[in-house]
Amino acid sequence: KQWYQRRVRGEQVFHWLSGKEEDIFMIQEAHSTPASESLWRSMWDGDIIFNHGASNSTGVVTLFKRAINDSIKITKHKILVQGRASLIELDVEGMLFCLVNVYCPNS
């Protein structure tokens, strides 16, 4: 039951995000694991960069809409802190950008 509820909730969130005009989304408290990657990929139409936490805590995920795949190239992904912080370098039509997706502890 919990897996099904998580999938339904994920589908709702991805549907909502796909309707937004932004092309890149940074998710914190993702609760992603290596075992859940295929589920995430089946629900999102685009690239995903994972920095897994545990199934019940942490995790940061960066989502890229498929529409921008031709104009950006992900040149580097570095996990700064497992499940908490990722650095992503992008080449966008010859310009370099650095994104940092951070989930800070709440204590």
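From a predicted model like this one, the values you see are computed outputs, not experimental measurements.

**Q** What exactly am I supposed to notice about the packing of aromatic side chains here?
**A** The geometry of an aromatic ring pair is captured by the separation of the ring centres together with the interplanar angle, meaning the angle of the planes. Inspection of every chain in the model, using the stated rule, returns four aromatic pairs. For the ring pair Phe14 and Trp40, a centre distance of 5.6 Å and an interplane angle of 65° mean the geometry is edge-to-face. Here Phe14 is found in helix H1 (residues 2-18), whereas its partner Trp40 is found in helix H2 (residues 37-43), with 26 residues between them in sequence. For the pair formed by Phe14 and Trp40, the shared burial category is buried. For the pair Phe25 and Trp44, a centre-to-centre distance of 6.0 Å together with 85° between the ring planes defines the contact as edge-to-face. Remark: Trp44 occurs in the loop between H2 and strand E2 (46-51) and Phe25 occurs in strand E1 (residues 24-28); sequence separation between them is 19 residues. When sorted by exposure, Phe25 lands in the same class as Trp44, which is buried. Clustering of aromatic rings is evident, with ring pairs tying together Phe14, Phe25, Trp40, Trp44 and Phe50.

Criteria and cut-off values
Every residue gets a number counted from 1 within its own chain, in the order that chain's sequence is written. At least 70 in pLDDT is required for a residue's local features to be given in this predicted model, at least 80 for side-chain atom pairs to be given and counted, and no such filter applies to totals for whole chains, interfaces and linings, which use all residues. As a rule here, side-chain values cover all heavy atoms of the structure and leave hydrogens and water aside. Pairing of aromatic side chains requires ring centres within 6.5 Å, counting the rings of Phe and Tyr and the six-membered ring of Trp. Pairs whose planes differ by under 30 degrees are stacked, by over 60 edge-to-face, and all others tilted. Put simply, DSSP H or I for four residues or longer makes a helix, DSSP E for two residues or longer makes a strand, and each gets a number counted from the N terminus. Each residue is assigned to one of three classes by its accessible area relative to the maximum for its type, calculated with a 1.4 Å probe on protein chains only: buried under 20%, partly exposed between the two thresholds, exposed over 50%.

Read these as layout, nothing more, since geometry by itself doesn't imply function.
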